[in-house]
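The residues making up each chain are set out below.
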Amino acid sequence: MKKIELEIVALSHSITQTHSYAVVLGEVNGLRRLPIVIGGFEAQAIAVALEHMKPSRPLTHDLMKNFMNAFNIELQEVIINDLQEGIFYSNLVCYSEHDTVEIDSRTSDALALAVRFGCPIYTYEHILQNAGILMDDKHSGESQKMEAVGMEEHQKEGELDLASMSLEELQRLLHEVLEHEDYIKAIAIRDEINRRK
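Residues numbered from 1 in each chain as written. Predicted model: local features only at pLDDT ≥ 70, side-chain atom pairs only at ≥ 80, totals over all residues. Heavy atoms only, no water.

(A) Summary view of the confidence of the model for the protein chain. Per-chain confidence: the protein chain averages 82 in pLDDT, with 81% of residues scoring 70 or above. Ranking the elements of the protein chain by mean pLDDT puts helix H5 (residues 152-163) last with 51 and strand S7 (residues 121-124) first with 98. Across residues 138-160, confidence stays below pLDDT 50; counting only partners more than four residues off in sequence or on other chains, it has 38 contacts. (pLDDT = per-residue confidence, 0-100. Helix = DSSP H or I, 4+ residues; strand = E, 2+ residues; numbered from the N terminus. Contact = heavy atoms within 4.5 Å.)

(B) The pairing of strand S5 (residues 87-95), seen in detail. Pairing analysis gives 9 bridges linking strand S4 (residues 74-84) to S5, with the strands arranged antiparallel. Along S5, the bridge assignment pairs Leu75 with Cys94. Where S4 folds back onto S5 in an antiparallel hairpin, the turn is made up of 2 residues, including Glu85, whose phi is positive at roughly 50°. Both S5 and strand S6 (residues 100-106) contribute to a ladder of 7 bridges, which runs antiparallel. Note on S6: the bridge partner recorded for Asn91 is Asp104. A loop of 4 residues connects S5 with S6, the two strands running antiparallel in sequence. (Pairing = 2+ DSSP bridges.)

(C) Spatial organisation of the pattern of salt bridges. Applying the stated criterion across every chain, the model contains 9 salt bridges. One salt bridge in this structure joins Glu125 and Arg32, with 2.6 Å as the shortest N-O distance. With Glu125 in helix H4 (residues 125-131) and Arg32 in strand S3 (residues 32-39), this residue pair connects regions lying 93 residues apart in the sequence. Overall, Glu125 belongs to the partly exposed group, its relative accessible area being 31%. Between Glu192 and Arg196 there is a salt bridge, with the nearest N and O atoms lying 3.0 Å from each other. (Salt bridge = Lys/Arg side-chain N within 4 Å of Asp/Glu carboxyl O. Buried < 20%, exposed > 50% of the residue type's maximum accessible area, 1.4 Å probe, protein only.)

(D) Focus on the nonpolar core. Ranked by size, the top nonpolar core spans 31 residues in total, and within it Leu25, Leu34, Leu75, Ile80 and Ile121 carry the most contacts. Of all the secondary-structure elements, those providing two or more residues to this core are strand S1 (3-13), strand S2 (20-27), S3, helix H1 (40-50), S4, S5, helix H3 (107-117) and H4. In terms of residue count, H3 provides more of this core than any other element does, 6 residues in total. Aside from chain neighbours lying at most four places away, what touches Ile121 is Ile4, Glu5, Leu6, Ile8, Leu25, Val78, Ile80, Leu111 and Ala114. If you look at the next biggest cluster of nonpolar residues, it comprises 11 residues, including Val48, Leu170, Ile189 and Ile193. (Core = buried A, V, L, I, M, F, W, Y, C linked by side-chain atoms within 4.5 Å.)

Written as structure tokens, this is what we have:
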């Protein structure tokens, strides 16, 4: 089967499920999008890697990458290879100097690792046909890369509060949320600070 390359184009609150997020994958050089509902922890793990943030201690996906690097195992690609009853299934294609192995993975974890390794993400035509969304031509010129990872709806909820705070208050709040490892809020605060500079 021919593989279709995807890239992460958006990360936001899930409209359909509370306390969940959606990562939207876009077809490279195409108009189709593949939205996948993921948990908050995985959304944070993806956001941290996309924003190149450095947590004080390694997150689980950072630990996994460090472990793989220590044993000279490289993540070559992620393949979203199945869709059953609304659940996506993925494989990690890993290689070392001696072997290439495919490992079953939750799609959210596979995406968090793909961002860390900088490896391509693929799927198959039948998955895009069944779960993909076709964007119209007026959106085709949009940037394929995310301009802001900061969870659009999450930002809108807190935007007024952040906008009313002084720069000093924002800096203090940023320090507090980083202490609590709430990287999603940290991104929104950092963006507000950057808007003011």
